[in-house]
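Per-entry structural report
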Amino acid sequence: MSDVTICIGGEAGQGLVTVGSLITKALVRAGYEINVQQDYLSRIRGGHNTYRLRFGPEPVRCPREAVDVLVCLAKETFGLFKERLSDRAVVVAGDDAAIEWPRAFRVPFRDLAGKPIFENTVALGVLASAICLDIALLEELLRETFGRKGGEVVDQNIAVLRRAFAWKEQQGELFACPAPPEAGRGRMAVSGNEAIALGALAAGCNFVSFYPMTPATSVPLTIIAHAQKMGVVVEQAEDEIAAVNMAVGASYAGARAMTATSGGGFALMVEGISLAGMLEQPLVVVLAMRPGPATGLPTRTEQGDLNLALYAGHGEFPRAILAPGTAGQCFALTHRAFCQAEQWQSPVFVLTDQYQADCYTALPPFDLAGLPTASGPLLAPDDPGTYERFAWNEESGVSPRAVPGLSPALVVVDSDEHTPDGHITEDLDVRVRMQDKRARKLCGLFADALPPEFYGDETPGMLLACWGSTRGAAFEAVDRLRADGLSAAALHFGQVYPLNPAHFLPLFEKAGRVVIVEGNQGGQFAALVQRESGFRITDMVLRYDGLPFTPEYILAGLRALS
Amino acid sequence: MSDVTICIGGEAGQGLVTVGSLITKALVRAGYEINVQQDYLSRIRGGHNTYRLRFGPEPVRCPREAVDVLVCLAKETFGLFKERLSDRAVVVAGDDAAIEWPRAFRVPFRDLAGKPIFENTVALGVLASAICLDIALLEELLRETFGRKGGEVVDQNIAVLRRAFAWKEQQGELFACPAPPEAGRGRMAVSGNEAIALGALAAGCNFVSFYPMTPATSVPLTIIAHAQKMGVVVEQAEDEIAAVNMAVGASYAGARAMTATSGGGFALMVEGISLAGMLEQPLVVVLAMRPGPATGLPTRTEQGDLNLALYAGHGEFPRAILAPGTAGQCFALTHRAFCQAEQWQSPVFVLTDQYQADCYTALPPFDLAGLPTASGPLLAPDDPGTYERFAWNEESGVSPRAVPGLSPALVVVDSDEHTPDGHITEDLDVRVRMQDKRARKLCGLFADALPPEFYGDETPGMLLACWGSTRGAAFEAVDRLRADGLSAAALHFGQVYPLNPAHFLPLFEKAGRVVIVEGNQGGQFAALVQRESGFRITDMVLRYDGLPFTPEYILAGLRALS
Amino acid sequence: MVGIEDYGEFETAWCPGCGNFSILKAMKKALTALGLAPHQVCLVSGIGQAAKAPHYLRCNAFNGLHGRALPPAQAIKLANPGLTVIAESGDGCSYGEGGNHFLAALRRNVDITLVAHDNQIYGLTKGQASPTTLQGMKTKAQPFGAPSAPFNPVAVAVTMKAGFVARGFAGEIDHLADLIAEAVRFPGFSLVDVFQPCVSFNKLNTYAWYKERVRKLEAAHDPTDWNAAMTAAMQDGETLPIGVIWKNAKRKAFEELLPTFTGTPLAGRVPDHAALREVMESYV
Amino acid sequence: MVGIEDYGEFETAWCPGCGNFSILKAMKKALTALGLAPHQVCLVSGIGQAAKAPHYLRCNAFNGLHGRALPPAQAIKLANPGLTVIAESGDGCSYGEGGNHFLAALRRNVDITLVAHDNQIYGLTKGQASPTTLQGMKTKAQPFGAPSAPFNPVAVAVTMKAGFVARGFAGEIDHLADLIAEAVRFPGFSLVDVFQPCVSFNKLNTYAWYKERVRKLEAAHDPTDWNAAMTAAMQDGETLPIGVIWKNAKRKAFEELLPTFTGTPLAGRVPDHAALREVMESYV
Ligand SMILES: Cc1ncc(C[n+]2csc(CCOP(=O)(O)OP(=O)(O)O)c2C)c(N)n1
Ligand SMILES: Cc1ncc(C[n+]2csc(CCOP(=O)(O)OP(=O)(O)O)c2C)c(N)n1
Ligand code: SF4
Ligand code: SF4
Ligand SMILES: [Mg+2]
Ligand SMILES: [Mg+2]
């Protein structure tokens, strides 16, 4: 294999994310492709966390199970991962660590660091040398990172880095480094959540209300970091109920509004989502999934909230659910979510999960010029005196959306059933007509539904259908099956609702066997496919232990099926 | 037809519910079968409300469209209902009302009443005579109702009643009264919500936390009325989130706990329901549906929240959903909900709706002797020192449930993933095992699932499948189809989840045509059937105008299908 | 010139004699006195009898969910600072279901006004105890008397040194109109809690009951004196002061503390792709 | 005799140096002083770093949802009055997400105790502003400074004439243990707000910062004197009093006002079918 998986293990608070991010950035600048898997505990210090980084000159789409370079910052690290070490693996550990492995660098951390706070820099230097990374890239990054803390901090860090690098060089090569990449500089290292935030900004998102909840928080935090430059009003609300109701209110007033949360917080937004449906307000909700029920495993990953997203909200109203499978899709589909929300005046969800939220990828800056422009509200209705927010529309169901205060048109919206002018009614004929008007928008969302992405043999013996963050592992599983001479393909759904059976039923019917691969216990997407298309799903590979899919996991699951 | 439909129309606050209830009670005491449909506006005074009462010597299962006796307490009443009057209909109205109808009693309300507050009593007297009801029954009821206000009030009312009755008698018979019934006294007049409350009390419900919301409120109000006698702690919470979290807490402490709400309130409980799933706490939630989205039509009926009940809660955990179709089933299935909740340590929902909540029926007092006893928590574990709340159980998934404080056993529960002793864990193997343990309980709930109730021809040309409150109208539609010489049957699901396809698939396959009849726009139950059984539903009769099904509506819907 | 007739006359779903009518009248008077045209005003409400108020005058209106008037009201103001935003809802809505938003709004101090129709009862759901129902009052849902102590929104708001805190009475329309106008003018969060007789369900706190107890604050009352304000706010029982109880002119409105807030509407802004390109550079 | 060792010693997920350790110690001391065996105690928490506390001592524990410690805590007490019920959670949990339940609990006065670990920050989610974060403090989520005024739980509780209101400091373990014991003994709702340094995320309100400001209330302070209590509660800035601030012995606990409350556990009761038959008669 041409790619390498580094695993850095250590206690929370020990700075392994710092080491990991610096190496990540350096690899991206060196032109490598990367994939990051962060496993952390729900605590601030102590415990055992890992930062896993897979890189190589060719695209790497997902994590894999085997580890090639294990960096042990904690005592437990080696024990936890020794079974996973590949044949060619090297281990980096302290010189006092009790490890048994033929190819190990036993680093005199204390001596090289001088002071304890520099031990991470030592690890960085040793690791950089072990994977044949140019030390200049790291020096540059240290300068950027610690520059604000003053020259002395930078100098000390660089001195330690050089010392560690030099120490490692003396030990010689124990590891066959991958070929240097061709790609040049200029690419970003972005996480899934950062890409979502950038996608929102690209669509003109200018109002974000949220309540902190892992793994969603980094979406608003990313926007906050650029809020002033981009002109975004961001407010941390008192709870998720306030967050969603604020977003609906802002949307009514003409803002391009978003909120982001995770399972439990989303559960609290369910009533507000129904409100958005009734008021026909554009609303984008990022739902970053983690294992439930209840608090569950708050820092791990799962795809267990699809059903909740599908049916959140009492009563019936249209919605769309997008489920990106790469950082690039996180950007593009979030942008699309805003466009669809505005066009169909409906809530649109972006479903992601902890793995994808925290997964870094190397990507060129997103192409903004090629993006469609999201339509906006009507700033000046032609005849404001007769304006009606919910004017009948027998075709699309969409009424021109004016905003309050910008013209003499009065904009009235009501959570009760209402007449076209937005005022409360108990006329039951109007009720049926209004409910039909709202429902009609689902036809539009259906017509706009994105087809799934096909990958692999055209008439596959085995077709892996997946959605959201499972894409990478499923695609690589297909590569491996095909490498073994099997006929295989994958179908990735970047939109999970509405589903157009015409997009996938022919492919399903052509395939020898259809296997749904998804990160939950119940096979929620499988049930949805069955409901929407009548296609009976009999085979599934499911995962709900809090970890992301890997190709190895999928292949083992497929073996267990037959 | 041997039955009669009375419709009393008037403004909110005019006392038409009082007139309606007294006539209802009198008819029940006279031995008639009854069915009540209450349509009211979301306001306290004014507007036009109706109280519709169908009665006859034979069982009447549902409302019908035609009106035989129209009592106009408001000016609009006649205009609103004249199209619905049957050929034999009579109208009762004020002598100043502009109505055109051959058989009308034009009542000199003012003269007969003396004082305006007695006008309702006049209506009562005239109505009683018009339908050939024994005046003694009404005198008795007036005595019971106003007894507390003192003898004078009673006497005055009775005097007015007699005056009105006598006046009407003088007008002669304009209406052919139905045959007097055989059934004797001793039956109750109970609404669906009252039956739910009585079912809860029969099961030993002793803790209710709620937040007022139409049409659920009368469940807790009924329990409050008997709380002291029955030893129930009832608390009106600050919001629905508190209500559900209180119920879960009380359940943990060993109470038999319930909460009741409607769509928007239920939406707010979604996180708490997931908590009940994770803590494996028995919890009964009454969800009384009304039309959404959002506030929708707060005092009308719909079956639009099935999907939300099915998927409420983030993450995955077992649940059961019962959907009574008669007041008797409201009692029995609520009792069963408590038994199932306790047995499977899971949330169980009772799905009803505004029509059924407010619908009165005549029933003998519920048979308590025949009820199974709901099991209770473990009060004294054998070995309290080693007690573990979530002890592994590889069969049913159910662990013995001790309660805190009643023995030295410590009872620890956690919304995070936990080890068998209830303490927080991030061990991913434990996670999978615990999630599997919880999921296993769904097998038990599945095995316990109630089969649907079959009614009609054994191999029907047309099979109407329905759930919840739609039972009566569907059954009567079958009667009418069969009376027209068609082969027809109905299948009523009193439990909508889990569904056992073995219970219905053979019946579906035998039927010429399967039509789902349900009170929503989306065909939610149809989709569920399709998902759970693979049976493709192509025909549906749906209603979402806020009114309950009638046989006429269903028959018209069936005609439109073909 | 704006006249009261610009705000229209509508049929309502309220009971004859209800205090809501007077509050509606006071609201229209206040808006007229403020010289605001209907489209410059946005009324935001929850669900309840009071919450229907925005349907009964011509203006922009957001009639949201029960208990959730304040979050959208604040967001609307932030999204379009040019609008005069008034949240109007019942006591149950504002202090019961919406209690957490009330606290947050007091802390946040966004320049909006909350007019709470405080009938000390849940009207629309037919008479259960609300957070302001007096302890011991019997209702169908509290047949043994409301067991909790009543919430005093005015006292809590003063304690939290909110922007502007006033109490009015539906029986004093002109006084109330003045209070609402002053509250709207105040640059920060303003609370106007209004005693509102509910003739259908609250048989304790009737017009007569309020009339006997309500006293306009003396001219000498200094609403910037916190101790005086707290003393007035804590009065219950036989004397219930109405008027401007507290004013915190020293507090900055939320908007002033938000550097991303430009004071211009968010609607119609074009995404700044040039700036976003610079942002993306920081990830390289 | 109960000894502190009965409450056990456990590994925690807290950061070294965190104020939570001291609060845990004080809690164990208080329970021991109260002579309660572990199975007589039920700790109820939400989600956060503080909310993990019930896992770190032997007792009955209900670790519920973020912000939702108080509703189950009150229900548990009503369902089994024999239990000593203590809700323990963070400032975000108790006054942020759970703000509405805090107000309701103050009004309800069920005989439970709330020990709020008040580190003036959201710890577990890595350092966003909490309701008690001082205005202007910068965090990752509030890079321009927290824009809202801080919530003063003690002052609001005193304003609402809650049962028992105290403030402690994690740096004063014995004093805190006494406060908790006294709060538990008080027959009604008791609040113990505890200043708790968060060494990882709150770099403003540090041990040193608190030490400089915290002052034990004078012996002369009369917690039954509302004016004195309010004065103490409103102190912020340079002096932050700790101790029993307010005590309302005149208020009846909720349980006493609930006629359906018998004082015996609800668990194991057999449905009274004879009574229910009588109830059904009333529908005939
Ligand atoms: C989430 C939710 N819970 C409950 C209700 C039912 N509900 C409607 S209005 C109301 C109380 C109204 O009381 P208040 O706010 O005081 O207004 P009033 O009718 O007295 O003016 C309630 C509980 C609802 N609509 N939504
Ligand atoms: C409904 C919900 N929203 C958000 C979260 C995420 N969350 C967990 S702990 C926490 C804040 C904790 O702050 P605090 O209560 O002050 O406790 P601390 O960690 O500071 O002790 C948040 C927002 C959650 N678990 N559930
Ligand atoms: S119920 Fe009460 S508050 Fe509502 S309109 Fe009638 S009198 Fe007014
Ligand atoms: S993050 Fe703060 S509150 Fe949490 S354990 Fe660490 S120091 Fe304590
Ligand atoms: Mg009210
Ligand atoms: Mg905190």
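Residues numbered from 1 in each chain as written. Chains lettered and ligands numbered in written order. Predicted model: local features only at pLDDT ≥ 70, side-chain atom pairs only at ≥ 80, totals over all residues. Heavy atoms only, no water.

**Some details on the interface of chain D and chain B**
Heads up, the rule is: Note on definitions: a residue-residue contact is assigned when non-hydrogen atoms from the two residues lie within 4.5 Å. Here the quantity called buried area is the total loss of accessible area, with a 1.4 Å probe, experienced by two parts when brought into contact, counted for both. Salt bridge criterion: a side-chain nitrogen from Lys or Arg within 4 Å of a carboxyl oxygen from Asp or Glu.
Taken together, the contact pairs 50 residues of chain D with 67 residues of chain B. Buried area between chain D and chain B, summed over both chains or domains, comes out near 4800 Å², and the portion from carbon and sulfur atoms is 65%. At the junction of chain D and chain B, the tally comes to three salt bridges. Its salt-bridge partner being glutamate 238 of chain B, residue arginine 108 of chain D comes within 2.7 Å of it at the nearest N-O pair.

**As for the site of ligand 2**
Filter applied, for reference: Each residue is tested against the molecule or strand, and it is near if at least one of its non-hydrogen atoms lies within 4 Å. Pairs of N or O atoms are called polar contacts if they sit within 3.5 Å, as long as, within protein, a hydrogen donor faces a hydrogen acceptor (for residues adjacent in sequence, only side-chain-to-side-chain pairs). Reported accessibility uses the Shrake-Rupley method at a 1.4 Å probe radius. Residues are deemed covered only where the shown protein chains occlude them.
In the vicinity of ligand 2 there are 25 residues, among which Glu240 of chain A together with Gln49, Asp91, Cys93 and Gly123 of chain D approach most closely. Close to ligand 2, residues of chains A, B and D are found. Within the backbone of glutamine 49 of chain D, an N or O atom sits 2.7 Å from an oxygen atom of ligand 2. Aspartate 91 of chain D is positioned such that a nitrogen or oxygen atom in its side chain is 2.6 Å from an oxygen atom of ligand 2. Protein chains bury 98% of the 590 Å² of accessible surface belonging to ligand 2 in isolation.

**Quick look at the domain arrangement of chain A**
All names here are of chain A. To keep things clear, this is the line we draw: Domain delimitation in this document rests on an assignment produced automatically or drawn from a domain database.
Here chain A is described as being made up of domain 1 (4-170), domain 2 (189-363), domain 3 (384-447) and domain 4 (453-561). When each unit is reduced to the centre of its C-alpha atoms, the spacing between domain 2 and domain 4 is 25 Å. In this complex, domain 2 contributes 27 residues to the contact, which on the side of domain 4 involves 25 residues. Considering only the surface of domain 2 that becomes buried against domain 4, Gln303, Leu306 and Ala323 emerge as the three largest contributors, covering 29% of it. Taken together, domain 2 and domain 4 are joined by zero salt bridges. Our count for the domain 2 to domain 4 interface comes out at 15 residue pairs in polar contact (both at pLDDT 80 or more).

**Considering the site of ligand 3**
Heads up, the rule is: When residue character is reported, Ala, Val, Leu, Ile, Met, Phe, Trp, Tyr, Cys and Pro are called nonpolar, Asp, Glu, Lys and Arg charged, and the others, Gly included, polar.
In the neighbourhood of ligand 3, the contacting residues comprise Ile44 of chain B together with Trp14, Cys15, Cys18, Asn20, Gln49, Asn119, Gln196, Cys198, Val199, Ser200 and Phe201 of chain C. Two or more chains meet at ligand 3, and those chains are chains B and C. When its residues are assigned to classes, the shell around ligand 3 shows seven nonpolar, five polar and no charged.

**Notes on helix H10 (residues 273-281) of chain D**
Stated formally: The cut-offs for exposure are 20% and 50% of the maximum accessible area for each residue type, with area from a 1.4 Å probe on protein chains only; residues under the lower value are buried, those over the upper are exposed, and the others partly exposed. Per the convention used, a helix needs a DSSP run of H or I reaching at least four residues, while a strand needs a run of E reaching at least two, with both numbered from the N terminus. When we speak of the arc, we mean the arc of directions from the helix axis to the C-beta atoms.
Restricting attention to buried positions, one finds in H10 of chain D the residues Ala275, Leu276, Val279 and Met280 of chain D. Projected onto a plane normal to the axis of H10 of chain D, the buried residues spread over an arc of 145 degrees and lie on a single side. In this fold, the buried residues of H10 of chain D make contact with strand S7 (188-191), helix H7 (192-202) and helix H9 (227-230) of chain B. The residue sitting at the N-terminus of H10 of chain D and contributing the capping side-chain oxygen is aspartate 272 of chain D; that oxygen lies 3.3 Å from the backbone nitrogen of alanine 274 of chain D.

**With respect to the sheet that holds strand S7 (residues 214-216) of chain C**
Heads up, the condition is: The pairing criterion is simple: DSSP has to find at least two bridges between the two strands. Throughout, an axis means a line fitted to C-alpha atoms (over the contacting stretch in the case of helices), and angles, computed between N-to-C directions, take values from 0 to 180 degrees.
Here nine strands make up an open sheet; going across it, the order is S15(A)-S2(C)-S1(C)-S3(C)-S4(C)-S6(C)-S5(C)-S8(C)-S7(C) and the pairing mixed. Edge strands, defined here as strands with exactly one partner in the open sheet, are strand S15 (412-414) of chain A together with S7 of chain C. The sheet shows a mean angle of 20 degrees between the axes of neighbouring strands, direction not considered. With five bridges connecting them, strand S3 (residues 84-90) of chain C and strand S4 (residues 113-118) of chain C associate as parallel partners.

**Considering the coordination of the magnesium ion (ligand 6)**
Residue and element names in this part refer to chain D. Applicable threshold: Only N, O and S atoms count as donors, using a 2.8 Å limit from the metal and a wider 3.2 Å limit for Na, K and Ca, and since water is excluded some coordination spheres may look unfilled.
Around the magnesium ion (ligand 6), the protein contributes the donor atoms Asp91 (OD), Asn119 (OD1) and Ile121 (O), which lie 2.0 to 2.2 Å from the metal centre. The sequence motif formed by the donor residues of the magnesium ion (ligand 6) is D-x27-N-x1-I. Remark: asparagine 119 occurs in the loop between strand S4 (113-118) and helix H5 (153-159) and aspartate 91 occurs in helix H3 (residues 91-97); sequence separation between them is 28 residues. No difference in accessibility class separates aspartate 91 from asparagine 119, as the two residues are buried.

**Regarding the coordination of the magnesium ion (ligand 5)**
Residues and elements named next belong to chain C. Within the protein, Asp91 (OD), Asn119 (OD1) and Ile121 (O) serve as the donor atoms for the magnesium ion (ligand 5), at 2.0 to 2.2 Å. Coordination of the magnesium ion (ligand 5) draws on donor residues from a single chain, spaced D-x27-N-x1-I in sequence. The class of aspartate 91 is buried, set by a relative accessible area of 2%. Classification of asparagine 119 as buried rests on a relative accessible area of 6%.

**Here we look at helix H5 (residues 135-146) of chain A**
Residues and elements named next belong to chain A. As a reminder of what qualifies: The span you would expect from a helix comes to 1.5 Å times its residue count less one.
Across its twelve residues, H5 extends 16 Å between first and last C-alpha, which sits within 8% of the 16 Å expected from 1.5 Å per residue. Those residues of H5 lying buried are Ile135, Leu137, Leu138, Glu139, Leu141, Leu142 and Phe146. Elements that come into contact with the buried residues of H5 comprise helix H1 (16-29), helix H4 (119-130) and helix H6 (151-171). For H5, the N-terminal cap is aspartate 134; the gap from its side-chain oxygen to the backbone nitrogen of alanine 136 is 3.0 Å.

**Points about the relation of the copies chain A and chain B**
Selection criterion: Our superposition of the copies is a least-squares fit, built on the C-alpha atoms of residues whose pLDDT is at least 70 in both.
Once chain A is rotated about the relating axis by 180 degrees and shifted along it by 0.0 Å, it coincides with chain B to within an RMSD of 0.0 Å. Taken together, the rotation angle and the small translation identify this as a two-fold axis. No C-alpha of chain A approaches the rotation axis more nearly than that of arginine 531 of chain A, which lies at 2.3 Å. The overlap is high: 100% of the interface residues of chain A also sit at the interface in chain B, so the same surface is used on both sides.

**Considering the environment of asparagine 152 of chain D**
Residues and elements named next belong to chain D. Topologically, asparagine 152 is positioned in the loop between S4 and H5. For asparagine 152 and glutamate 218, which are 66 residues apart along the polypeptide, the C-alpha to C-alpha distance reads 21 Å. Only 2.9 Å separates the side chain of asparagine 152 from the backbone oxygen of alanine 233, close enough to count as a polar contact.

**A closer look at the sheet that holds strand S21 (residues 539-542) of chain B**
All names here are of chain B. Judged by pairing direction, the sheet is mixed, and its five strands sit side by side in the order S16-S18-S17-S20-S21 without closing on themselves. Only two strands of the sheet have a single partner each, and these edge strands are strand S16 (453-456) and S21. When strand polarity is set aside, the average angle formed by the axes of neighbouring strands in this sheet is 20 degrees. Pairing geometry for strand S17 (residues 462-467) and strand S20 (residues 513-518), over five bridges, is parallel. For leucine 463, the partnering residue across the bridge sits in S20 and is valine 514. Helix-sheet contacts for helix H18 (residues 524-533) involve S17, strand S18 (488-493), S20 and S21, and the interaxial angle to S20 is about 135 degrees.

**Looking at the pattern of salt bridges**
Under the counting rule described, the total for this entry stands at 83 salt bridges over all chains. One salt bridge in this structure joins arginine 480 of chain A and glutamate 552 of chain A, with 3.7 Å as the shortest N-O distance. Here arginine 480 of chain A, found in helix H16 (residues 471-483), pairs with glutamate 552 of chain A, found in helix H19 (residues 551-561); they are 72 residues apart in sequence, far enough to count as distant. Here arginine 480 of chain A falls in the partly exposed class, since its relative accessible area comes to 23%. For glutamate 140 of chain B, the salt bridge is made with arginine 29 of chain B, and the minimal N-O distance between the two is 2.6 Å. Note that glutamate 140 of chain B is positioned in helix H5 (residues 135-146) and arginine 29 of chain B in helix H1 (residues 16-29), a separation of 111 residues in sequence. Given the relative accessible area of 9%, arginine 29 of chain B is considered buried.

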